[in-house]
Each structure stands twice: as structure tokens, then as C-alpha cells.
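Inside the fold
Chain residues, written in single-letter form:
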Amino acid sequence: MLGQLVRFAITGGFVTMLYAIVYWPLATYVIHPMAAFVAGYLVALTTGYVLHSRWSFRGHGSRDDIRRTTGRFFAVSLVGFALNGLFTWVLTGPLLHGATWWPLIPIFFFTPLVTFALNRLWVFA
């Protein structure tokens, strides 16, 4: 499990940085933060599936039913999507009116812990 956690941290860090590279400039200079969040998440989702399934969780569980694994990965991604959307809305929206970079803090440190647990225990089990 330690190897998976390390691989997940490396891959997840890369995917989260990719998300931030798409999200932050769009949210700061081009479009509403919630629209930028969606754009960044779509890029991260597609990249994350390929990297996590082929490297982070390689050798863990069965890949016999690709539809099951893909469906479960998508469901976990919706959990991450909901968390990141909530962070973005609360921190940049009408409640706090924060800077566009504020949501990146919980997106970097909280969401990955939740998605690692769900991916390990359910998606790639």
C-alpha cells in the first residue's frame, strides 16, 4: 500500500498541478471561477484516469471488467468534482469573495486524501 500511496501522490500531484495550471489563469483573468473549475476538472479527470489506472494502482485488484472500473472511477471523480466545486463556490463566491487561488489549498490537500481512499478501496480493489 505504501508504494501505491507514493505513486498516487506523485500522479495526483501532477494531475492537481495540471488542474491548477488550467483553473487559476482562467479564473483570474478570463472566466468566472466556477466555469474555470469545470474546465480544469475535465482536463484533470481524463489525465488522472489514464495515469492512476496504469501506474498508481497497477497490480492492485482486477482489470477484467473495464466498464466497472471506468464507471467506479467516474463516480469517485464526481465526489472529487463536488468537493472541488464546493471549495471553489464557498471560497470565491458570495460567501467569502476570496481570491481565485484560495480553493487550491483544500483542492491540493483534502480532495486527494478522499479520492485515494475511494480509489484504493472501491475502484481498483
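Please refer to the structure placed before this passage.
Below you will find a few notes about this structure. (Residues numbered from 1 in each chain as written. Predicted model: local features only at pLDDT ≥ 70, side-chain atom pairs only at ≥ 80, totals over all residues. Heavy atoms only, no water.)

Focus: unusual backbone geometry
For His97, which is not glycine, the phi dihedral falls at a positive 50 degrees. Assignment of secondary structure puts His97 in the loop between α3 (66–92) and α4 (104–109). Residue His97 is classed as exposed on the basis of its relative accessible area of 62%. (Helix = DSSP H or I, 4+ residues; strand = E, 2+ residues; numbered from the N terminus. Buried < 20%, exposed > 50% of the residue type's maximum accessible area, 1.4 Å probe, protein only.)

Description of α3
The terminal C-alpha atoms of α3, which comprises 27 residues, lie 37 Å apart, in line with the 39 Å expected from a rise of 1.5 Å per residue. Among the residues making up α3, those that are buried are Thr69, Phe73, Val76, Ser77, Gly80, Leu83, Asn84, Gly85, Phe87, Thr88, Leu91 and Thr92. (Expected span 1.5 Å × (residues − 1).)

As for the packing of aromatic side chains
In total, this model carries 7 aromatic pairs according to the counting rule given. Plain terms: the ring middles of Phe37 and Phe81 are 4.7 Å apart, the flat faces sit at 35 degrees to each other, and that makes the pair tilted. Of this pair, Phe37 sits in helix α2 (residues 33–56) while Phe81 sits in helix α3, placing them 44 residues apart in sequence. Relative to Trp102, the ring of Trp101 has its centre 6.3 Å away and its plane inclined at 80 degrees; by these criteria the two rings are edge-to-face. The structure contains a cluster of three or more aromatic residues connected by ring pairs, namely Phe37, Tyr41 and Phe81. (Phe/Tyr/Trp six-rings, centres within 6.5 Å; stacked < 30°, edge-to-face > 60°.)

Quick notes on helix α5 (residues 111–123)
Looking only at α5, the buried set comprises Thr111, Thr115, Phe116, Asn119, Arg120 and Val123. The buried residues of α5 occupy one face: seen down the axis, they fall within an arc of 145 degrees. Facing away from the buried surface of α5 by more than 90 degrees, the exposed residues are Leu113 and Leu121. Tucked inside the fold, the buried residues of α5 contact α1 (2–30), α3 and α4. (Arc of directions from axis to C-beta. Contact = heavy atoms within 4.5 Å.)

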